[in-house]
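One letter stands for each residue in the lines below.
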Amino acid sequence: MPNIFDYLNWRGDLTIEKDGFNDVDAVILSRLSYLPFDNIVKESLDETITIKEAANLYFSCEQNSGRELWKGDLDLLRAVSKSGRFSQMKLCGFCNMVVDRLEMQFAALVFDMGNSTRFISFRGTDNTVTGWQEDFNMYCMSPVPSQIKAADYLKKASQHFDGSFILGGHSKGGNLAIFAGAFCGSKIQERIKQIYNLDGPGFEKKVWDSEGMLGVRNKIRTLVPQSSIFGMMFEHQEDFVIIKSNQRGFFQHDIYSWEVENNRLVTLHSLTSTSAFFEHTFSEFVTQMNIRDRRELVEGIFTLLKSTEDKTFNEIVAHLSKDAMPILRSIKSMNSKTRLLLISSLMRFIKCAMNNFSDLKPISKINPNDNKEITTT
């Protein structure tokens, strides 16, 4: 089935000035912030480089081999660097931070699309243990450090550039894009044309009810695949568009599986029962725990993972046999209360899953503006 690469082959010769910015473009730019542009795209907002120049530098350095998070990311970089639609877009402001002591993982990038419009792409969760811990922290604290950093990043960009902004991100990056737009101040909100959340988690109710969120709610465009799992976590009060994926289950989170027809994403009218199952199971599980227990559970899980001294999940998987002993020692050294909480939480999650397994029903949702085009003039 056609995907974003087919779109680039078919539409890549037309600039955004000739053929307006659309959902597929937003998916592409949101994904590009996952690339390790360290030492290629400067953090300064004054120093720019085109996508084509950045790609040439990236592929000319042998040390970049294997640094990509997903194989498709390299194919995407090659494709956009050869595309008349994207190759001359200027990049700047690349920020990539993993701060263990703050339990924060954050990365973002600015694309100059011309006509005084800039797209800010917020990276989702990377492969670091710290990045995943921050995701889990969303269950027990608000805001998390990367959300605060995202709002600061947008404020800094708005002070530096005139004109308007489109914000976007995939997975956690979509959550950061919404948070940044909601908590950047009313003056900056007026300059935001659209906020793209690509299968990213929602927020707790107090965030949705905040004054800042009310200021951007009608600008949020959430796209989720039909069996969305990550995108259904936490509460959603915005409309969302359901995208057809050619993968199953968790793998639908991969934007390279999202189907494209000409210059639009292929849409459906309902989420699958699988998505409903995970959404109900996670919601039930979380609501049964108080904030303190959630925090202790997250700390307990990541205490075990960090006992391996590995920094990424790829390293943990690669060293699984070697890491088994440190994890077992860490379990034994835990205080009895934390150990009991881990065991009881696992049993509670299994019970929640069993409760929801017998009542699997698809979630229907109207697709607002299936193929929305945004003018940059």
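Analysis parameters
- Residues numbered from 1 in each chain as written.
- Predicted model: local features only at pLDDT ≥ 70, side-chain atom pairs only at ≥ 80, totals over all residues.
- Heavy atoms only, no water.
- Pairing = 2+ DSSP bridges.
- Helix = DSSP H or I, 4+ residues; strand = E, 2+ residues; numbered from the N terminus.
- Contact = heavy atoms within 4.5 Å.
- Axes fitted to C-alpha atoms, helices over the stretch in contact; angles between N-to-C directions.
- 1 Å grid on protein atoms, 1.4 Å probe; cavity = no way out; pocket = protein on both sides within 12 Å on 5 of 7 lines; lining within 4 Å.
- Points joined across faces, edges and corners; volume = space filled by probe spheres on them.
- Nonpolar A, V, L, I, M, F, W, Y, C, P; charged D, E, K, R; others polar.
- Salt bridge = Lys/Arg side-chain N within 4 Å of Asp/Glu carboxyl O.
- Buried < 20%, exposed > 50% of the residue type's maximum accessible area, 1.4 Å probe, protein only.
- Phe/Tyr/Trp six-rings, centres within 6.5 Å; stacked < 30°, edge-to-face > 60°.
- Lys NZ or Arg CZ within 6 Å of the ring centre and 35° of its normal.

Trainee: Could you give an account of the sheet that holds strand E3 (residues 90–99), with specific residues and numbers?
Mentor: The strand order across the open sheet built from 9 strands is E2-E3-E4-E5-E6-E7-E8-E9-E12, with neighbouring strands paired in mixed fashion. Every interior strand has two partners, whereas the edge strands, strand E2 (49–50) and strand E12 (267–268), have only one. With 6 bridges joining them, strand E5 (residues 117–122) and strand E6 (residues 164–170) adopt parallel strand pairing. Note that in E6 the partner of Phe-119 across the bridge is Ile-166. Sitting on the sheet, helix H5 (residues 129–137) touches E3 and strand E4 (104–112), and the angle it makes with E4 is about 95 degrees.

Trainee: Let's hear about the layout of surface pockets: which residues, and what values?
Mentor: Here the second largest pocket is characterised by a volume of approximately 450 Å³. Along its surface, the second largest pocket is lined by 22 residues, and Phe-203, Glu-204, Phe-234, Val-286 and Arg-294 are the ones closest to its centre. Listed by contribution, the elements that provide at least two residues to the lining of the second largest pocket are helix H9 (205–208), helix H11 (273–287) and helix H12 (291–306). The element contributing the most residues to the lining of the second largest pocket is H11, with 5 residues. For the lining of the second largest pocket, a count of residues per class yields 10 nonpolar, 6 polar and 6 charged.

Trainee: Report on the pattern of salt bridges, specifying residues and quantitative values.
Mentor: One pass over the structure, following the stated rule, counts 14 salt bridges. Residue Asp-19 pairs with Arg-11 through a salt bridge whose shortest N-O separation is 2.7 Å. Taken as a pair, Asp-19 and Arg-11 share a single burial class, namely buried. Note that Arg-221 and Asp-23 form a salt bridge whose closest N and O atoms lie 2.9 Å from each other. A residue pair is termed long-range when its members are at least 10 positions apart, and Arg-221 in strand E8 (residues 220–225) and Asp-23 in helix H2 (residues 23–32) qualify at 198 residues. Across the pair, exposure class does not vary: Arg-221 and Asp-23 are buried alike.

Trainee: I'd like to hear about the packing of aromatic side chains, residue by residue, with values.
Mentor: In total, this model carries 14 aromatic pairs according to the counting rule given. When the ring of Phe-37 is compared with that of Phe-94, the centres are 6.1 Å apart and the planes differ by 85 degrees; the resulting orientation is edge-to-face. Of this pair, Phe-37 sits in the loop between H2 and E2 while Phe-94 sits in strand E3, and the two are 57 residues apart along the sequence. On the numbers, 6.1 Å between centres and 70 degrees between planes, the contact of Phe-122 with Tyr-153 is edge-to-face. In this pair, Phe-122 is assigned in strand E5 and Tyr-153 in helix H6 (residues 145–160), connecting sequence segments 31 residues apart. Residue classification places Phe-122 among the buried positions, given a relative accessible area of 0%. An aromatic cluster of at least three residues, connected via ring pairs, comprises Phe-21, Phe-111, Phe-119 and Tyr-196. Against the face of Tyr-34 rests Arg-31, its NZ or CZ located 3.7 Å from the ring centre.

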